[in-house]
Structures are given as structure tokens and as C-alpha cells.
Amino acid sequence: MLSVAQVDKRYPNGVLALAGLNLTVAAGEILAVVGGSGCGKSTLLRLIAGLDSPTAGRIALDGTPVTAPRAEIGLVFQEPRLMPWLTIDQNVAFGIRHLPADERTRRVSECLARVGLASRSGHWPRELSGGQAQRAALARALVGRPKVLLLDEPFSSLDALTRGDLQEHLLDLWGDDQPTMILVTHDIEEALFLADRVVVMQPDPGRIRTEFVPPLARPRDRTDPDFLRCKRRLLADLGHASGFSRQRVAATV
Amino acid sequence: MSAHAETASACGAALAAASVKETEASPGHAWPHTAWPGGNRLIGFILPLGLALAWEAAVAVHWADGRLLPTPSRILAALATLAQSGELAGHVLATLQRVALGFAFGVAAGTVLGAVSGYWTLARQLIDPTLQALRNIPSIAWVPMFILWFGIFETSKVILIAVGVFFPIYLSLSASIRGVDRKLVEVGRIFRFSHREMITRILLPATLPSYVVALRSGLGLGWMFVVAAEFMGAEDGLGFLLIDGQQTGRPAVILASITSFAVLGKLTDWLLASVSARFLTWQDSFKPAE
Ligand SMILES: Nc1ncnc2c1ncn2[C@@H]1O[C@H](COP(=O)(O)OP(=O)(O)OP(=O)(O)O)[C@@H](O)[C@H]1O
Ligand SMILES: [Mg+2]
């Protein structure tokens, strides 16, 4: 179980990115975090990943405080962040450098196939499209099979079709060893399709406005009337949270 | 006299310009797509060859006096004589060995200290001010001390060259490590890289492009300092040949030595540039128009 208790994060420039944030995520749960731009979603993931430390409060995984990055917590950054001097397969192998070479090769090609990049294995990052780079970054995080997987808008630059594919893959993957997943997204449909629970954040300072457990059975169907009802409900929450008019939020989704 | 000197310096500048042009163009040639591959490389020869021919012709028709600035044919003849007697090879090898040793030590020290002071703030605070102060001493000023400490033989020469090579490498590496994108470093942190892995797997590769530039300028300084080192007393080497030509009043020998420096400097720089280009194919960099 992952717990975030009374966490504040103030950046050195004085911005209060998170204030009094409380969140618990059960082992194996898929949690989606939605909220307008700048409400502290990436900050929250960085704190959970141990890249930054909270100004106040406590973050713990299974009772042990998270103070530095841990092997069982994987993070997919909002940008691909591939090493430009390594080919795609070498980039993916970055996360499992301690494994024997043959095991490494096997797992890397398996992961690349999963994200549909098998044919790009030996390419340089500069030769990939934005969406392909994002998928390579996803593969790099998956290859180490972390217990907790933090995903910061991993599908944001993909077309609807590839995105749908990868969402299915992610669920498959979750079926394998059931990692805890926290998925930051701007896409309400994505949140409802994947998550057991959706948390809506609001800015200035960043905090949780409301939580929503979609009463939907799996596998989920995006065209199901219940699904659409949930979507409307979440849109309304989001509209209030960001202070935008409802139409504007609807227009961006 | 002054006209001669001007032509000489123009020749030198032409050589230098040609060398810069050609090496700068080489990364772009990784994927040649010109109608005439290699054609652009040959352009670099036009200037030095043209100037040489012009001087040759000017002396031949008695427009100019070739005594103090010998014609290219006489320089070549001097080179041939030196080569036949085996003298040239001996001088070239002696100089090459000094540059190679000095370069190797300078690069090793510059890389280790540069990496350490770029990575650890404490180390930087400790060593950087001292090194920056030492950097401002003209290296030639060390010569008397080096001779006192290490004698006038090889050691002091190699150390002088190493000192010259050290500073550009140290400076560039420690500065460029501090300039590495935090976002890439964070990826290393997520995968819990040790300090050593962080340096060897992220920081050094990320700084490789500027490191190569530093190596090349270090090598250039190595060639500069070898002359100074050989001026301070040597029995062989191209710098010795230079002095010898002056003392025996043979300008063709002086120019033969200078030409050898130009050719060797250019060749070693080209070697360094083309070897490193292999490691930089990943770069997503600006490719200048043809
Ligand atoms: N390194 C930093 N230094 C100072 N302020 C920062 C830093 N990173 C983020 N912030 C501020 O913290 C707030 C939250 O930023 P964060 O990146 O967490 O937002 P986000 O919810 O991920 O937004 P987006 O959806 O646009 O990615 C913003 O107001 C931002 O300006
Ligand atoms: Mg973000």
C-alpha cells in the first residue's frame, strides 16, 4: 500500500505546488489523477518516485518511507527522456542493467514488441516520432517490472488508435503481475477506461478536490451508457476543479 | 623582407583555414548525398596549392626573391634530402612521441579531475580555484622550474606538453558536466545509478560532443607546446630542426620543419575528428547546407 499523508511541496521559488495532500493507493489498484495544467500532478508523481522530497508530510510504500528512488517504483516521465546516444533497445535495457545479457535481450525485445516498437529496436531516438519515443519510454519503465508504476501522461502524444491499443496493453500488463499504477492524464475517457478510482485535483495550491469510483464492470466499453454517464459526471467535477467553464473543459477533451 | 614575411604568414593562415574548413565539414559527410562524393573535401586543397604555385611562379619569373622564403620546390627538396638520410623520420618520431605522451597524460589528468570537479561540488570548491589560478600562468613560465625539477631531457618536455593539454580538457569537461540536462540525470536517479554509473553512463556520453572539441583544442596546444619544449634544448625533434635550420642559415630546412608541423598537426587532428565522429552519429545536430 502506498500512502501520501499531509504532504506539502513548496518549490524554492516559493510556488506552493501541493498543500495538505492525502492519498492512499491499495496494492494493485489503478488510480487515475486528472486535473488542469499546473495543479501539481507531476509534482505528486516526483514525490512518490522519491526524486524530490516533500516540504512537509510523509510518503510511504508498505510502511517504509520513500526518501529516494526505489527499485520497486517505476516512473514514466511526462517527456520521453531517452538518452540520445543510446539506441532504442539500449535505452530500454537501461532499467535492467544488472540482469545477465541474454535475459536482458529477451526482456527488452518482449517489451518493445508490447509497445509496438520491435522494428525500431536499433534506431536512434532522433529517428523516432514523438509518440514512438513516448512508447519507448514506457517500455523502459515496464521492463523492470516495478511493483508501483507511475505514469505521467504516457499517451498524450499518440493518435486515438495507438492510444486505445496501448491502454489495452497496459491492462494486459497489469493482469500479469498486478502492479499498483498511478496514471496522470488529461483524457477523461482514458481515466475511466483504465482506473479503479479517479482523483480530481485542483490548483493553487495543488490539492485533491474529489474522488470518484466509476461503477463500471471490466472490460469496459467506451460507448456504454453507464460509461458516458460517468464521463459527464467527471467532466463536471473537473470543470469545478479548474475554475474553467464547463464548455471549455469539454472542448479540450 | 616584410613582403616575404607576409607571404609566409598568409601561407600559414591558408593552411590553418583549410584545416578548419575540412574537419568542420566532415561530420556532415557521414551520409554523403552530393553528386560528387569527396569533391567538397578537395576544395580545401585549392588555397594552399594555389598559393604555393603562385609563389613558385613569382620566383621563377624573378618577380620575387626566393632566398629568404624558399619556393615550395626547394622546401620539398630539403624534405626529400632529410628523408633520404633518415634524419626526418628520426625528428618526426621524436616529436610525435613527445606529443603523444604529453597528450595522453594531459587528457588523463584533465578527464579525471574535470569529471570529479564537475560532479562533486565539494571537490570543485577544493580544487577549482587553485587550478584556475594555475591556468593563468603562461605554461612557458614553468620551463625553468621544470628543467630544475626534471632535468632538460624527456620528462620536462612531456610534462610541459601535458600541462598545456590539461587545461582545455579540464575546463571544458567540468563546465559541460554542469550543463548536462537535469532531465536525463533524473532518469539515472530513477534507476538508482551509482555515482560511477552516473558519470560513465550519463554524464560523460552527454558531454562527449564538447569533450571531443576539447580534445582537439588540447591536441592543438600539444603541438604548440612541443615546439616550446624542443626549443628549450633537444637533440632531436622538429623543433630542434627549426633551431638547427636557423643557426646554420638554411631557411628551406626551417620551412621543411614548419611544413611537417602543419601536415602532422592536420593529420592527427583529422584522425581524432574521424575516430570521434563514429561515436557521435547519434547527434541530432544541424547539418550545414552544401
Ligand atoms: N522545478 C520547479 N520549480 C518551481 N516551480 C515548479 C517546478 N516544477 C513545477 N513548478 C510549479 O508547480 C506547479 C505544479 O507543477 P506540475 O508540473 O506538478 O503541474 P502538472 O499538474 O503536472 O501540470 P501539467 O498538466 O501541465 O503537466 C506549477 O504551478 C508549476 O509552475
Ligand atoms: Mg505534468
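Residues numbered from 1 in each chain as written. Chains lettered and ligands numbered in written order. Predicted model: local features only at pLDDT ≥ 70, side-chain atom pairs only at ≥ 80, totals over all residues. Heavy atoms only, no water.

### Quick word on the sheet that holds strand S3 (residues 30-34) of chain A
Sheet strands pair by backbone hydrogen bonding; their relative direction is either parallel or antiparallel. All names here are of chain A. We apply this condition: Two strands form a pair only when DSSP identifies at least two bridges running between them. Numbered from the N terminus, helices here are DSSP runs of H or I no shorter than four residues, and strands are runs of E no shorter than two. Here the axes come from fitting lines to C-alpha atoms, over the contacting stretch only for helices, and the angles between their N-to-C directions go from 0 to 180 degrees.
Read across the sheet, 6 strands follow the order S6-S7-S8-S3-S9-S10 without closing on themselves; strand pairing throughout is mixed. Looking along the sheet, the strands with just one partner apiece sit at the ends: strand S6 (73-76) and strand S10 (207-212). The average undirected angle you get between the axes of adjacent strands in this sheet is 20°.

### Focus on the coordination of the magnesium ion (ligand 2)
In an ideal tetrahedron of four donors about a metal, each angle is 109.5 degrees. In an ideal octahedron of six donors, the angles are 90 or 180 degrees. All names here are of chain A. How we decide: Donor atoms (N, O, S) are those found within 2.8 Å of the metal centre, with the cutoff raised to 3.2 Å for Na, K and Ca; water is not part of the atom list, so apparent gaps in a site can occur. Summary of the burial criterion: residues with accessible area below 20% of their type's maximum are buried, those above 50% are exposed, and those between are partly exposed, where the area comes from a 1.4 Å probe applied to protein chains only.
Around the magnesium ion (ligand 2), the protein contributes the donor atoms Ser42 (OG) and Gln78 (OE1), which lie 1.9 to 2.2 Å from the metal centre. With serine 42 in helix H1 (residues 41-49) and glutamine 78 in the loop between S6 and helix H2 (88-93), this residue pair connects regions lying 36 residues apart in the sequence. The partly exposed category is assigned to serine 42, whose relative accessible area is 25%. For glutamine 78, a relative accessible area of 32% gives the class partly exposed.

### What about the sheet that holds strand S5 (residues 64-65) of chain A?
Residue and element names in this part refer to chain A. Taken in spatial order, the 4 strands make up an open sheet running S2-S1-S4-S5, and their pairing is antiparallel. Each having just a single partner strand, strand S2 (16-25) and S5 make up the two edges of the open sheet. Two elements, strand S1 (residues 2-10) and S2, share 6 bridges in a ladder whose sense is antiparallel. Directly across from valine 4, in S2, lies its bridge partner leucine 23.

### Observations regarding a nonpolar patch on the surface
This is how it is decided: Patch members must show over 30% relative accessible area and no salt bridge, and they are joined within 9 Å when carrying like charges or within 5 Å when they are nonpolar side chains of Val, Leu, Ile, Met, Phe, Trp or Tyr. Only the protein chains shown count as covering a residue, and every accessible area follows the Shrake-Rupley method with a 1.4 Å probe. What makes a salt bridge here is a side-chain nitrogen of Lys or Arg within 4 Å of a carboxyl oxygen of Asp or Glu, nothing more.
A cluster of nonpolar side chains, namely Val263(B), Leu267(B), Trp270(B), Leu271(B), Val275(B) and Phe279(B), defines an oily patch on the protein surface of about 580 Å² accessible area. Take Trp270(B): it is sitting in helix H11 (residues 251-279).

### Observations concerning the interface of chain B and chain A
Note the following rule: Residue contacts are counted whenever heavy atoms from the two residues lie within 4.5 Å of one another. By definition, the buried area sums, over both parts, the 1.4 Å-probe accessible area that each loses when the two are put together. N or O atoms within 3.5 Å of each other form a polar contact, as long as, within protein, one can give a hydrogen and the other can take it, and as long as residues adjacent in sequence are counted only when both atoms are side-chain atoms. Note on residue categories: nonpolar means Ala, Val, Leu, Ile, Met, Phe, Trp, Tyr, Cys or Pro, charged means Asp, Glu, Lys or Arg, and polar means any other residue, Gly included.
Contacts between the two partners involve 20 residues from chain B, matched on the other side by 21 residues from chain A. Summed over both partners, the interface of chain B with chain A comes to about 2100 Å²; 64% of that surface belongs to carbon and sulfur atoms. Of all residues in chain B, Ile190(B), Phe191(B) and Trp282(B) give up the largest surface area on contact with chain A, accounting jointly for 32% of the area buried on that side. The tally of links from chain B across to chain A stands at 3 salt bridges. With a closest N to O distance of 2.6 Å, Glu197(B) and Arg97(A) form a salt bridge. At the boundary of chain B with chain A, the tally comes to 10 residue pairs in polar contact (both at pLDDT 80 or more). Looking at which element gives the most residues to the side of chain B that touches chain A, the answer is helix H8 (residues 182-190) of chain B, with 7 residues. The class makeup of the residues in the side of chain B that touches chain A is 10 nonpolar, 2 polar and 8 charged.

### Some remarks on the site of ligand 1
Residues and elements named next belong to chain A. What counts is decided by this rule: Here a residue is near a molecule or strand as soon as one of its heavy atoms is found within 4 Å of it.
Inspection of the region around ligand 1 gives 14 residues, with Ser37, Gly38, Lys41, Ser42 and Thr43 positioned closest. Here an oxygen atom of ligand 1 sits 2.8 Å away from a polar atom, N or O, in the main chain of glycine 38. Backbone polar atom of glycine 40 to an oxygen atom of ligand 1: 3.0 Å apart, as the coordinates give it. Class assignment for the residues of the shell around ligand 1 results in 4 nonpolar, 8 polar and 2 charged.

### Description of the confidence of the model for chain A
Put simply, the test is: Per residue, pLDDT captures the predictor's confidence, and it can take any value from 0 to 100.
When pLDDT is averaged along chain A, the result is 91, and 95% of the positions lie at 70 or above. For residues 245-253 of chain A, every residue scores under 50 in pLDDT, and the model assigns this stretch 11 contacts once sequence neighbours within four places are set aside.

### Some points on the domain arrangement of chain A
Residue and element names in this part refer to chain A. How we decide: Segmentation of the chain into domains, including their bounds, is taken from an automatic or database domain assignment.
Here chain A is partitioned into domain 1 (2-72 + 146-252) and domain 2 (79-145). Each side of the interface is counted separately: domain 1 has 17 residues, and domain 2 has 11 residues. At the boundary of domain 1 with domain 2, total buried surface from both sides reaches about 1200 Å², with 60% on carbon and sulfur atoms. At the boundary of domain 1 and domain 2, one finds 1 salt bridge.

### Brief notes about the confidence of the model for chain B
All names here are of chain B. Across chain B, the average pLDDT comes to 84, with 86% of residues at 70 or higher. Mean pLDDT in chain B bottoms out at helix H1 (residues 2-25), which sits at 41, and peaks at H8, which reaches 96. Every residue in residues 1-32 is under pLDDT 50, and counting partners more than four places away or in other chains gives 31 contacts. This complex was scored by the predictor with a pTM of 0.81 and an ipTM of 0.90.

### Comments concerning the pattern of salt bridges
All names here are of chain A. Within this structure, the stated rule accounts for 26 salt bridges over all chains. With its nearest N and O atoms 3.6 Å apart, the salt bridge here joins arginine 145 to glutamate 110. Residue arginine 145 is located in the loop between helix H4 (130-142) and strand S7 (148-152), and its partner glutamate 110 is located in helix H3 (residues 101-114); the two are separated by 35 residues in the primary sequence. We classify arginine 145 as partly exposed; its relative accessible area is 43%. For the salt bridge of arginine 218 with aspartate 196, the shortest nitrogen-to-oxygen distance reads 2.6 Å.

### Quick word on the packing of aromatic side chains
Here is the rule: Put simply, two rings from Phe, Tyr or Trp (the six-membered ring, in Trp's case) pair if the centres are within 6.5 Å, and we call them stacked under 30 degrees between planes, edge-to-face over 60, tilted for the rest. Sitting over a ring, as applied to charges here, requires NZ of Lys or CZ of Arg to be within 6 Å of the ring centre and within 35 degrees of the ring normal.
Following the criterion strictly, the structure yields 11 aromatic pairs over all chains and no others. Aromatic pair Trp85(A) and Trp282(B): ring centres 5.9 Å apart, planes at 65°, arrangement edge-to-face. Of this pair, Trp85(A) sits in the loop between S6 and H2 while Trp282(B) sits in the segment after H11, each in a different chain. Of the aromatic side chains, those joined through ring pairs into one cluster are Trp142(B), Phe146(B), Trp149(B) and Phe150(B). Against the face of Tyr11(A) rests Lys9(A), its NZ or CZ located 5.4 Å from the ring centre. Over the ring of Phe193(A) we find Arg222(A), and its NZ or CZ is 3.9 Å from the ring centre.

### Let's talk about H4(A)
Here is the rule we go by: To estimate how far a helix should reach, multiply one less than its number of residues by 1.5 Å.
Its 13 residues place the ends of H4(A) 19 Å apart at the C-alpha level, agreeing with the 18 Å of an ideal helix rising 1.5 Å per residue. Burial within H4(A) is extensive, with 12 of its 13 residues counted as buried. Taken as a whole, H4(A) has its buried residues at Gly131(A), Gln132(A), Ala133(A), Gln134(A), Arg135(A), Ala136(A), Ala137(A), Leu138(A), Ala139(A), Arg140(A), Ala141(A) and Leu142(A). Buried-residue contacts for H4(A) involve S6, H2, H3, S7 and helix H5 (160-177) of chain A together with H8 of chain B.

### A closer look at the environment of Arg135(B)
Residue and element names in this part refer to chain B. As for its placement among the helices and strands, arginine 135 is situated in helix H5 (residues 121-135). Take arginine 135: its relative accessible area is 36%, and that puts it in the partly exposed class. The spacing of arginine 135 and leucine 171 is 36 residues in sequence and 9.6 Å in space, taken between C-alpha atoms. Residue contacts for arginine 135: discarding those within four places in its chain leaves Phe167 and Leu171.

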